[in-house]
Amino acid sequence: MKTINKLTYTFGIVSLIFTSCSDFEEVNTDPTATTIDQARVEYAINKSITDAQQDPDVAERAFVLNWKTASRQHFSSGLATGSYNNDWITAYYNQSAGWQKSAALAIKLADDKIQKGLTGHDADMIPNMKQVARIWRAYLMSEFADNFGVLPKDAFQGVNPEFNSTKDVYYFMLDELKDAVKNINTSISPSDTEKKYDRAYNFDLKKWVKFANSMRMRLSMRLSEVDPAKAKAEFEDAAKGSYISANSENFAIAEKPGWDALTGVMSREWNSQQLSATLKNLMCGLGGVKTSVQLTDQKYQAYIKPADYIGVRYENHYSLFTSDPCAGFWFDGLPNMNDPRAYALFSIPGDFTNPQFCFYPSWDNSAKTVKRTLLKDDKTSTLEEIDATYCWNAPAIGSHGDKGVLNKVYTYNGTNPRLVLKYRNSKSSRIFFGAWESYFLIAEASVRGWTVPLSGKAAYENGITASFEYNGVSQFVTSYLASTEYNNVGTSVAWDHVTEPAPTKTMKMIDGYTKNEQSFTYTYPVASQTLYKKALNDKLTKIITQKFIANVPWLPMESWSDHRRLGLPFFETPAVEQPLIYMPSLTKTNYMNQTIQFFPQRLKFPASLANSNPEGYKKAVEVLGGIDDVFTPLWWAKH
C-alpha cells in the first residue's frame, strides 16, 4: 500500500527532500497506522497547531526574549539594543520548520486521499481540512517571514527549494488565504472525534473563514507602505467577507501547566517581565480615568499623585541620554490617571494581597522585596533607601552606565510593576488573533481611504471596546473614548481630538538630593524627531497606540511589525550613558533624532545555515535585499 514519505525540513540545516522512511510515527498519534488509508489529516493539523504553541525552551527564547523585547512589551535590552543569541534563534528556526512541516504534511495527506477517492463523511470533511491546513500554514509562514524576512515558499514539494523574497512570500500567503476561503464548505460539520484535533476552533469552518479573512487583512496591511495598490486591493476584498469581530471568535489555544508545547509561553519564572518605559508612557494619563476610581481600596489613596506631578529627580542615578520624556525620574506613587488596562496587566509593587500579584520566582523573595538602595559615588555607601510599595515605574532600556551601578532600585524584580499571574501560570489561552485587531486594521484602512465595512471611528472604538472587554475593564470604556487627555508622549484617545499637544508644560517635582519641591519643564517628543515624523496625535497614531496596548501580552510580533512598518507607537531610544556594543550608531549626540538603526528590524539567520548550506545562505541574503544583520529592514518595512 502507499505509504507516507518523510518530510525533512530545516532550510539548509539538512536537505529539504523526501526520504523513504515513514513520517507517520512522528506526525500521527497512532504509531502503527502507517498507510495512507489509516493516516488522518486532522492528526497532522493537530500536531502542527499544538507544537506551534512553543515548548518552554523555544517560548522563552523566541516569544519572551526576542519578540516581547523587540516590541517593548517588557523591560529588557537584549534584541532591543541590537544584541542577539544564535542559540535562541536556532531553536526557533528549527522548531518553526517542524510546525510548517506538519502543516504541509496535512495538505499532502488530504491531496493523496482526495486523489485516491473518498466517500461518506470523509468526502465532505477532508477537502475542508485541507483548506484549514493551508490557512494555518499561511500563518506559520508569516510568523517565520516576519522574523527572518525570507522563506522557501515551495518547501515540502519533493525538491530542495530556494529562498524566496519577502514580497514573493507575502503574495503567496495572500493567494493561499483567498483560495482556501473560496474552497471551504462551511455547511459541513465535523464529527465529535474530529473536533478534538483542532485546539483553536474544533473545526468550526465558519470561524476558520473568519480567521483567514482577518489574517489576510493583517498581511495586506503589512504592505501598506511599500506596495499600497496591492495592499488596498487585497484588504478591501478580504474585508467584504466575515472576520473575527468578537472575543468569542478569537484564535486562541488553551495553555496548561507542565513542560510541553502547551505550557504557557510566559511561564518561566526567572523572566520578571517588568513594565517597559514604552508601555508606561503610552498608558500614563491616556483616557483620563483616575486611578482613585479604578483602585477604590483605601490602601492606595495616599499613594495617588496629583496630575501635574512628575516624580523625584535623581539625575545622578539614571541616564539622561534617552528620548524617554521621563528620563531621570523615580515616580514615588501611582499616576493620577492611567489607562484602565495598566492595572489589569501589571501588578503594583508591594500589592501582595492582589490575587493576580505574581510572586515569581517562587524560590526567592525578590518579588516581595520592595526596599532597595541608591548608593553614593563611592559605590558602597548608602545615599538613600527607596521603598517601592505602591509605586509605578519603568526605566528606559539600554546603558545607564555608572549611574546604573549606583541605582539598586531601577531594574529590580520587586520594585517595578510586573505582568500579572494569569499570564504566567499556564492557565490562560494564548491568542494569535484578537477581535480588536480586526477593528484596528479596518480603522487604519479607513484612514487610508480604502473601502471598508465600518467608519474609521466606529472601527477604532469597537477595537478599544473589545480590548477593554477582554481585560475586564468595560465599565470605564465610555468615559475613556471621550477623553482628550494626553499620555506622556502626547497622544489622546478621542477619535476627533487631533490637536497636537503644546511642546512643553510645567510640572512639579522633588529634587531627590535636597528633597525640595521644584518646577520642571516637561517636554513632549518632537514629532519630526520621532521615527514616524508626522505627528504625535493624528488618527493613525491613535489607532496604533491602542492596537499596541490591546496586543499586550499575547501579540508582541504584531506590535514589533507595526513599529517596523510605521515607526508607531512612540518607542524611546535606549539609554546610552555608555556606548552600546551592538548599536554603535546610537550616541550621546544623536539619541533624540530617531532612525531605524536604533530599533531592531529582524532576526539574523542561524549560523548553521551559512555553515551547512553556503549557496542557500547566499541566496537567502540576496533575496533579503541587504546584509544578514539585525538592522536590515524587511521589504515591507522600508519606510
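Participant: Looking at this model, I keep getting lost on the overall build of the protein chain. Mind explaining?
Facilitator: Helix and strand counts for the protein chain come out as 21 helices and 14 strands. Relative to a compact globule of 639 residues, whose C-alpha radius of gyration would be 26 Å, the protein chain shows 25 Å and is just as compact. In terms of principal-axis extent, the alpha carbons of the protein chain reach across some 85 × 50 × 45 Å. Counting only residues that meet the buried cut, the protein chain has 62% of its 639 residues in that class. For the protein chain, long-range pairs separated by at least 24 residues make up 74% of all intrachain contacts whose partners lie at least 6 apart in sequence. Accessible surface computed for the protein chain: about 22,600 Å², of which carbon and sulfur atoms make up 49%. Distance from the positive charge centre (68 side chains) to the negative charge centre (68 side chains) of the protein chain: 1 Å.

Participant: Which parts of the structure should I look at to understand the pattern of salt bridges?
Facilitator: Throughout the structure, instances matching the rule amount to 39 salt bridges. Among the ionic pairs, E236 bridges to K232, the shortest N-O distance being 3.0 Å. Residue E236 and its partner K232 are both found in helix α9 (residues 228-239); the two are separated by 4 residues, about one turn of the helix. Residue K379 pairs with D402 through a salt bridge whose shortest N-O separation is 3.8 Å. You can see K379 sitting in the loop between β7 (371-375) and β8 (382-387) and its partner D402 sitting in helix α14 (residues 401-406), a full 23 residues away along the chain. One connected set of salt bridges, linked through shared partners, spans E225, E444, R448, K547, D562 and R565.

Participant: Before we go on, may I ask you to explain the layout of surface pockets in this structure?
Facilitator: Summary: where empty space remains is shown by rolling a probe the size of a single water molecule over the atoms. Size it by volume and the largest pocket reaches roughly 370 Å³. Lining the largest pocket we find 24 residues, and of these C284, A307, Y309, N488 and M507 sit closest to its centre. Contributing elements (two or more residues each) for the lining of the largest pocket: β4 (309-313), β5 (329-330) and β12 (504-511). Residues of the lining of the largest pocket, tallied by class, amount to 16 nonpolar, 5 polar and 3 charged. Put simply, the second largest pocket is a space of about 260 Å³. As for the second largest pocket, its lining consists of 16 residues, and the residues nearest its centre are T322, D324, P325, A327 and T523. Looking at the lining of the second largest pocket, the element that brings in the most residues is strand β13 (residues 517-523), giving 3 residues. Among the residues making up the lining of the second largest pocket, the classes are represented as 9 nonpolar, 5 polar and 2 charged.

Participant: Hey, could you run me through the confidence of the model for the protein chain in this one?
Facilitator: Caution applies to low-pLDDT parts of the model: their predicted coordinates are not meant to be read in detail. Overall, the predicted model of the protein chain reaches an average pLDDT of 94, with 93% of residues at or above 70. When the criterion is pLDDT under 50, residues 1-34 qualifies, and its contacts beyond four places in sequence or with other chains add up to 102 contacts.

Participant: Honestly, the packing of helix α6 (residues 166-183) against α9 in this entry has me stumped. Any pointers?
Facilitator: Each pair of packed helices can be described by the angle between their axes along with the distance between the axes. Where α6 contacts α9, the two axes come as close as 12 Å, and the packing angle between them is 20 degrees. The orientation of α6 with respect to α9, classified from their angle, is roughly parallel. The crossing of α6 and α9 is left-handed. On α9, the residues touching Y171, L174, D175 and K178 of α6 are K230, E234 and D237. Split by residue class, the contact of α6 with α9 holds 2 nonpolar, no polar and 5 charged.

Participant: Which parts of the structure should I look at to understand empty space enclosed by the protein?
Facilitator: Counted by the stated rule, this structure contains 7 cavities of 30 Å³ or more. In this structure, the largest cavity spans a volume of roughly 150 Å³. Every residue lining the largest cavity is counted, 17 residues in all, and those nearest its centre are Y139, E143, R218, L555 and M557. Here the lining of the largest cavity is built from residues that sort into 9 nonpolar, 2 polar and 6 charged. Residues that form the lining of the second largest cavity fall into these classes: 9 nonpolar, 6 polar and 2 charged.

Participant: Sorry, what's going on with the environment of W636 here?
Facilitator: Along the chain, the position of W636 falls in the segment after α21 (614-624). A C-alpha to C-alpha distance of 42 Å links W636 and S366, two positions 270 residues apart in sequence. Residue contacts for W636: discarding those within four places in its chain leaves D146, T166, Y170, R222, L223, V226, S561, R564 and R565. In terms of polar contacts, W636 uses its side chain to reach the side chain of D146, at 3.5 Å.

Participant: In this structure, what is going on with the environment of L109? I would like to understand it.
Facilitator: The topology assignment puts L109 in helix α4 (residues 86-116). In this structure the C-alpha to C-alpha distance between L109 and Q594, which are 485 residues apart in sequence, comes to 50 Å.

Participant: Is there a simple way to think about the side chain of S48 in this case?
Facilitator: Locating S48 in the fold gives a position in helix α2 (residues 41-51). When its relative accessible area of 0% is taken as the criterion, S48 is described as buried. Among the polar contacts listed, one links the side chain of S48 to the backbone oxygen of W99, at a separation of 2.8 Å. Those residues in contact with S48 that lie beyond four places of it in its chain are W99, S102, A103, W136 and L140.

Participant: What am I meant to see in helix α18 (residues 539-550) here?
Facilitator: One turn of the α-helix equals 3.6 residues, which is why residues spaced by three or four share an orientation. Taking 1.5 Å per residue as the helical rise, α18 with its 12 residues ought to reach 16 Å, and the 16 Å between its terminal C-alpha atoms agrees with that figure. In terms of residue burial, α18 counts as a mostly covered element, since 11 of its 12 residues are buried. All of the buried residues in α18 are L540, T541, K542, I543, I544, T545, Q546, K547, F548, I549 and A550. Elements in contact with the buried residues of α18: α10 (277-283), α13 (340-345), α15 (435-447), α16 (456-471), α17 (477-481) and α19 (556-566).

Participant: When you look at the packing of aromatic side chains in this model, what are you seeing that I'm missing?
Facilitator: In this description, a pair of aromatic rings is defined by centroid distance and the angle of the planes. Inspection of the entire model under this criterion finds 44 aromatic pairs. Relative to Y591, the ring of F321 has its centre 5.7 Å away and its plane inclined at 90 degrees; by these criteria the two rings are edge-to-face. Residue F321 is found in the loop between β4 and β5, and its partner Y591 is found in the loop between β14 (575-576) and α20 (607-612); the two are separated by 270 residues along the sequence. Since its relative accessible area comes to 24%, F321 is described here as partly exposed.

Participant: Explain the side chain of N393 here, please?
Facilitator: One can find N393 in the loop between β8 and β9 (398-399). Separated by 2.6 Å, the side chain of N393 and the backbone nitrogen of F331 make a polar contact. Beyond its immediate stretch of four places on either side in the chain, N393 contacts L275, K280, F329, W330, F331, N416 and P417.

Participant: Can you walk me through the pairing of β7 in this structure?
Facilitator: Consecutive residues of a regular strand have side chains that alternate between opposite faces of the sheet. Where β7 and β8 come together, 5 bridges link them in antiparallel fashion. Residue pairing in the sheet places K371 in a bridge with D387 of β8.

Calculation rules
- Residues numbered from 1 in each chain as written.
- Predicted model: local features only at pLDDT ≥ 70, side-chain atom pairs only at ≥ 80, totals over all residues.
- Heavy atoms only, no water.
- Helix = DSSP H or I, 4+ residues; strand = E, 2+ residues; numbered from the N terminus.
- Rg over C-alpha atoms; globule rule 2.2 N^0.38 Å.
- Buried < 20%, exposed > 50% of the residue type's maximum accessible area, 1.4 Å probe, protein only.
- Contact = heavy atoms within 4.5 Å.
- Areas by Shrake-Rupley, 256 points an atom, 1.4 Å probe, with all protein chains shown as cover.
- Lys, Arg positive; Asp, Glu negative; His and termini not counted.
- Charge placed at Lys NZ, Arg CZ, Asp CG, Glu CD.
- Salt bridge = Lys/Arg side-chain N within 4 Å of Asp/Glu carboxyl O.
- 1 Å grid on protein atoms, 1.4 Å probe; cavity = no way out; pocket = protein on both sides within 12 Å on 5 of 7 lines; lining within 4 Å.
- Points joined across faces, edges and corners; volume = space filled by probe spheres on them.
- Nonpolar A, V, L, I, M, F, W, Y, C, P; charged D, E, K, R; others polar.
- pLDDT = per-residue confidence, 0-100.
- Axes fitted to C-alpha atoms, helices over the stretch in contact; angles between N-to-C directions.
- Parallel < 35°, antiparallel > 145°, perpendicular 65-115°, else oblique.
- Left-handed = near helix turned anticlockwise from the far one by under 90°.
- Polar contact = N/O pair within 3.5 Å; in protein donor to acceptor, adjacent residues only side chain to side chain.
- Expected span 1.5 Å × (residues − 1).
- Phe/Tyr/Trp six-rings, centres within 6.5 Å; stacked < 30°, edge-to-face > 60°.
- Pairing = 2+ DSSP bridges.

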